[in-house]
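Observations on the three-dimensional arrangement
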Amino acid sequence: MSDVHVTAPAKINLTLEVLGKRADGYHDLASILVAVDLADELTLEDADDLTLECNVPEFAGSNNLAYLAADRLREEVGKSNGVRISLQKEIPAAAGLGGGSSDAAAVLTGLNRLWGLGMTVDDLTPIAAELGSDVPFFLHGGTAMMQGRGEIVRPLPAADIKHALILCPDIPVENKTATLFGLLRPQASTRGALTRKLEARIRGGGDVPAQFLYNRFDDVAAEAYPALSEYRVALASMGATEIHLCGAGPSLFTMVSRREVGTALELLLRHRCGWRAHLVSPTPPVD
């Protein structure tokens with residue numbers, strides 16, 4: 001095998017609870033994530049050197065998490081040969097959608113195939129956890145419960161979700177993740193009960209009622225992203241009733257029951273407002 005093609009999906013968080021700060025400085029989380037069909041595409045080819053090319057020039061090179069994933073796996077298994085990574089970016093960066101983490105996981109699974117390593121997801125998880133909190137989830141894909149700082153992943157049956165509309169505001173925040181965590185009030189931490197309830201409901205084949213959707217960062221979104229209110233108001237004016245951050249934002253999502261409704265909303269947001277919007281559907285677990 002001389003080349004492998006892999007797809008790296010984005011994700012939305014049905015729940016995201018912050019349980020508290022750990023002794024190592026990270027935070028314990030409880031979250032249910034769903035991979036969706038807004039995706040990056042990667043091609044991995046045998047090569048003498050390790051390189052990464054991208055259709056978005058600023059994401060090419062050795063600082064990309066996908067490059068770092070390849071380098072770390074190469075070190076772990078004692079490989080001296082390289083790989084040429086071609087990355088086609090479609091997922092907006094720094095948007096709360098996990099694009100960089102998904103690219104890294106796709107490289108780990110893709111190189112596992114390309115190099116015939118025979119490693120299991122359990123074998124790859126410690127490497128994934130070193131790279132980022134969302135990377136272990138993307139080794140599984142589909143719907144899953146995530147705990148710890150992201151290293152504990154329990155796959156779930158597919159959530160009963162038809163479509164979601166994702167709106168991606170262009171609102172940069174320096175050191176976004178640290179800033180968002182810094183705004184959280186410790187006394188407002190949750191215990192993960194809502195996430196566990198939704199996990200049980202999904203395992204039982206139940207639907208995903210709006211009242212189960214929760215993101216701890218929604219409470220500080222207005223402070224972190226003052227301009228976000230314009231986007232929320234626009235979505236609400238179009239009939240969206242439950243609007244939540246994707247991860248730490250600034251992207252927002254709302255559930256859509258019918259594709260034609262979601263398509264109409266996507267077109268309105270794109271052409272009337274000039275905003276990036278994506279109608280998405282859940283994707284199955286990684287094969």
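The following refers to the structure shown.

Quick notes on the rules
- Residues numbered from 1 in each chain as written.
- Predicted model: local features only at pLDDT ≥ 70, side-chain atom pairs only at ≥ 80, totals over all residues.
- Heavy atoms only, no water.
- Phe/Tyr/Trp six-rings, centres within 6.5 Å; stacked < 30°, edge-to-face > 60°.
- Helix = DSSP H or I, 4+ residues; strand = E, 2+ residues; numbered from the N terminus.
- Buried < 20%, exposed > 50% of the residue type's maximum accessible area, 1.4 Å probe, protein only.
- Pairing = 2+ DSSP bridges.
- Right-handed = clockwise from strand over helix to strand, strands pointing away.
- Expected span 1.5 Å × (residues − 1).
- Arc of directions from axis to C-beta.
- Polar contact = N/O pair within 3.5 Å; in protein donor to acceptor, adjacent residues only side chain to side chain.
- Contact = heavy atoms within 4.5 Å.
- Salt bridge = Lys/Arg side-chain N within 4 Å of Asp/Glu carboxyl O.

With that settled, consider the packing of aromatic side chains. Considering all chains together, one arrives at three aromatic pairs under this definition. Judged by centre distance (5.1 Å) and plane angle (85°), the ring pair of Phe181 and Phe217 falls under edge-to-face. Remark: Phe217 occurs in the loop between β8 (214-215) and α7 (221-224) and Phe181 occurs in helix α5 (residues 176-183); sequence separation between them is 36 residues. Considered together, Phe181 and Phe217 belong to a single accessibility category, that of buried residues.

Here the focus is the pairing of strand β3 (residues 51-54). What you see with β3 is a clean split: Leu52 and Cys54 sit on the buried side and Thr51 and Glu53 on the side with no burial. With four bridges joining them, β3 and strand β4 (residues 82-88) adopt parallel strand pairing. In the sheet register, Leu52 faces β4, and the bridge partner there is Ile85. On the question of chirality, the crossover connecting β3 to the parallel β4 by way of helix α1 (residues 65-77) is left-handed.

Turning our attention to helix α9 (residues 259-272). Given a rise of 1.5 Å per residue, 14 residues ought to cover 20 Å, and the 19 Å separating the end C-alpha atoms of α9 matches this to within 8%. Buried within α9 we find Gly262, Leu265, Glu266 and Leu269. Seen from one end, α9 has its buried residues packed into an arc of 100°, which puts them on one side. Turned more than 90 degrees off the buried face of α9, the exposed positions are His271 and Arg272.

So, on to the side chain of Asn112. Along the chain, Asn112 falls in helix α2 (residues 99-114). Since its relative accessible area comes to 12%, Asn112 is described here as buried. Reaching out from Asn112, the side chain makes a polar contact with the backbone nitrogen of Gly118 at a distance of 3.3 Å. Among all residues touching Asn112, those that are not within four sequence positions of it are Leu73, Leu117, Gly118, Met119 and Leu124.

Looking along a regular strand, one sees side chains alternate from face to face of the sheet. Both strand β1 (residues 3-21) and strand β2 (residues 27-47) contribute to a ladder of 17 bridges, which runs antiparallel. Of the residues in β2, the one forming a bridge with Val4 is Leu44. Count of turn residues in the β1/β2 antiparallel hairpin: five residues, of which Gly25 carries a positive phi of about 95°. In the sheet, β2 pairs with strand β5 (residues 143-148) via six bridges, with the strands oriented antiparallel.

Of note, the bond from Gly249 into Pro250 is cis; its omega dihedral lies within 30 degrees of zero at 5°. Following the sequence through the fold, Pro250 ends up in the loop between β9 (244-245) and β10 (252-256). The backbone of Ala94 shows a phi angle near 50°, a positive value even though the residue is not glycine. When you line up the elements, Ala94 lands in the loop between β4 and α2. Taking relative accessible area as the criterion, Ala94 reaches 64% and is therefore assigned exposed. Although it is not a glycine, Asn175 sits at a positive phi angle of roughly 50°. Structurally, Asn175 can be placed in the loop between β7 (163-168) and α5. With a relative accessible area of 57%, Asn175 lands in the exposed category.

All chains considered together, the criterion is met by 20 salt bridges. For Asp71, the salt bridge identified is with Arg74, shortest N-O distance 3.1 Å. Placement of both Asp71 and Arg74 in helix α1 is noted, with a separation of three residues, approximately one turn of the helix. Of the residues examined, Asp71 reaches a relative accessible area of 33% and is grouped as partly exposed. Residue Arg74 is classed as buried on the basis of its relative accessible area of 18%. Measuring nitrogen to oxygen at the nearest pair gives 3.6 Å for the salt bridge that ties Glu223 to Arg185. On the criterion of sequence distance, the pair formed by Glu223 in helix α7 and Arg185 in the loop between α5 and α6 (193-203) is long-range, its members being 38 residues apart.

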